[in-house]
Amino acid sequence: MSKRYRQWVKQYQNQAWTLARYILKDAQEAEDATQDAFVKLWNNQDKVDPERVRPWLMKVTRNGCLDRLRRRRDNVEFDESYMAGEVSGPMQGLASNELGAWLQRAIQGLKEPYRSLVVLRDVHQHSYEDVAGMLELSLSQVKVYLHRARKELREQLAEVRP
Amino acid sequence: MNRNDEKREQQINALLDGELGEADTDELKSAAGDDRELARKIVEAYQLQQLMDDIGVEPAPASLTKRLNAIPRQHKPAAKFSLLQPRWVMALAAVPLAIIAVSLMQPDTPSASEVARARQDLAVAFAYLDKAGQFTSREINSTVGNTMSDAVAGSVIRNMKSQYKNSKEKEA
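Basis of the calculations
- Residues numbered from 1 in each chain as written.
- Chains lettered and ligands numbered in written order.
- Predicted model: local features only at pLDDT ≥ 70, side-chain atom pairs only at ≥ 80, totals over all residues.
- Heavy atoms only, no water.
- Core = buried A, V, L, I, M, F, W, Y, C linked by side-chain atoms within 4.5 Å.
- Buried < 20%, exposed > 50% of the residue type's maximum accessible area, 1.4 Å probe, protein only.
- Helix = DSSP H or I, 4+ residues; strand = E, 2+ residues; numbered from the N terminus.
- Contact = heavy atoms within 4.5 Å.
- Buried area = accessible area lost by both parts, 1.4 Å probe.
- Salt bridge = Lys/Arg side-chain N within 4 Å of Asp/Glu carboxyl O.
- Polar contact = N/O pair within 3.5 Å; in protein donor to acceptor, adjacent residues only side chain to side chain.

S.K.: Tell me about the nonpolar core, and name the residues and values.
M.R.: Counting 59 residues, the largest nonpolar core has A:Phe38, A:Leu57, A:Leu103, A:Ile107, A:Val118, A:Leu153 and B:Met52 as its most contacted members. In terms of residue count, the dominant contributor to this core is helix α1 (residues 2-24) of chain A (11 residues). Formed by 11 residues, the second largest nonpolar core is a distinct cluster that contains B:Ile12, B:Leu16, B:Leu20 and B:Leu28.

Spelled out as structure tokens, the structure:
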């Protein structure tokens, strides 16, 4: 039992941690949120379909992060009608090695659920079906929202590209 | 954004996801040859995708790995059945009470031994209540005095005793 759990930690801790960090924008809180998700996994290990552990864990991690954001009473985070997508300050002429760091901040600047969509689909490369299940969205919603998120990032990228 | 732009955006997304058919891909490439703006969008989309791939998944810090590996020691999985769990203790305690209640509520004439048993159970229960009442009286008495003590503990027991007496009269 514990061996199976340790295998899950090895396989999924990085993904859960990365998702939490993008959503919470705070390393310490992301650690706490990831730990909470794994405690739930440990307590529910007999109920979780072994074939679906990864999407289950990502969903629980994301929901835990969103609960934490709500507790911060950061209401702006939850205006899901559209994305703000502003990354602080223009960064003209970034070198290519700086673009990665810029993109991370740009993704963090997206609103939910766009941010989670980009992380789960484009960074973690989950299937559309898995992402739809994790975010409790329809497949068509996932495609439309992701389309908007990518377009937003692309437009920001065009502004900072050297 | 007009409908054609929207269609092109969807095609670019599908292209990145590897979901654009061969014919549509050829059509998009051909259109991009004549439309610099469209070509720029496709290039930017690829660049973005490349950057996303480069970001990848971040390794979790060692402190987190340590915390996650400690979870099995700190959180025992919930036991499926345990006689020590409060709900089971409560359920077990409720069984004799339920038997007494059912035996008192039986509309059929109970046998002599059942009546004797029920009365014995009730006598035990009242003896307990008397003791509890005396204890409660002492507690209240020491706090607020005799009058209040009788008013609280005495009235509860008197009320229950009168109900018991009534039920015996009805039986007779």
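S.K.: Now, about helix α5 (residues 114-123) of chain A: what can you tell me, with residues and values included?
M.R.: Residue and element names in this part refer to chain A. Within α5, 10 of the 10 residues are buried, which leaves it mostly tucked inside the rest of the structure. Buried residues of α5: Tyr114, Arg115, Ser116, Leu117, Val118, Val119, Leu120, Arg121, Asp122 and Val123, and no others. Glutamine 125 occupies a position one or two residues after α5 and carries a positive phi of about 60°.

S.K.: Give me the interface of chain A and chain B: which residues, what numbers.
M.R.: Reports often express the size of an interface as the amount of accessible area lost when the parts come together. Between chain A and chain B, the residue contacts involve 42 residues of the former and 40 residues of the latter. Summed over both sides, the interface of chain A with chain B buries roughly 3700 Å², with 55% coming from carbon and sulfur. Taken as a group, A:Trp42, A:His147 and A:Arg154 account for 19% of the area that chain A buries against chain B, more than any other trio of residues on that side. At the surface where chain A touches chain B, the tally comes to seven salt bridges. In this structure, A:Arg121 and B:Asp17 form a salt bridge, with 3.2 Å as the shortest nitrogen-oxygen distance. Taken together, the connections running from chain A to chain B amount to 19 residue pairs in polar contact (both at pLDDT 80 or more). Broken down by secondary-structure element, the contributors of at least two residues to the side of chain A that touches chain B are α1, α2 (27-43), α4 (96-108), α5 and α7 (139-160) of chain A. When residues of the side of chain A that touches chain B are assigned to their parent elements, the largest contribution, 11 residues, is made by α1(A).

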